[in-house]
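Okay, here's what each chain looks like letter by letter:
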Amino acid sequence: MLLLQDALALGAFRRLTLSVSSQHDRTTLLHVRDLLGHTPGACHVVLVLQFPDGERVLLRAAEHLNVAPSLALLAGLEELLGIENVRVA
């Protein structure tokens with residue numbers, strides 16, 4: 001997977017993957033949802049839930065949260081989740 005900024009330079013992509021863990025509180029996740037809702041598009045969003053015991057669960061977000069990735073969206077998501085938790089494929 002690529003960083004969103006790198007993928008934008010390469011052209012279109014199909015999936016935005018956001019990793020979330022117990023360090024991300026409810027307020028942060030609501031802000032993420034709001035950001036996604038304000039940038040509608042065709043790119044699917046996948047959430048990777050990371051649990052303290054190392055288990056990971058992948059969830060595909062609802063279609064209405066599909067996005068049109070942009071540098072503004074990248075900046076917002078990276079600020080909320082951390083640069084290492086925002087990837088595209």
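Residues numbered from 1 in each chain as written. Predicted model: local features only at pLDDT ≥ 70, side-chain atom pairs only at ≥ 80, totals over all residues. Heavy atoms only, no water.

Observations regarding the pairing of strand β1 (residues 15-21)
- Counting buried positions along β1 gives five out of seven residues, so the element sits mostly inside the fold.
- Taken together, the seven bridges between β1 and strand β2 (residues 40-50) define a ladder with parallel strand orientation. Paired with R15 across the strands is H44, a residue of β2.
- Handedness of the β1-helix α2 (residues 26-37)-β2 crossover: right-handed.
- With three bridges connecting them, β1 and strand β4 (residues 86-88) associate as antiparallel partners. From the neighbouring strand, L16 faces β4, where its bridge partner is V88. (Buried < 20%, exposed > 50% of the residue type's maximum accessible area, 1.4 Å probe, protein only. Helix = DSSP H or I, 4+ residues; strand = E, 2+ residues; numbered from the N terminus. Pairing = 2+ DSSP bridges. Right-handed = clockwise from strand over helix to strand, strands pointing away.)

Honestly, that's just the spatial picture; any functional story needs more than this.
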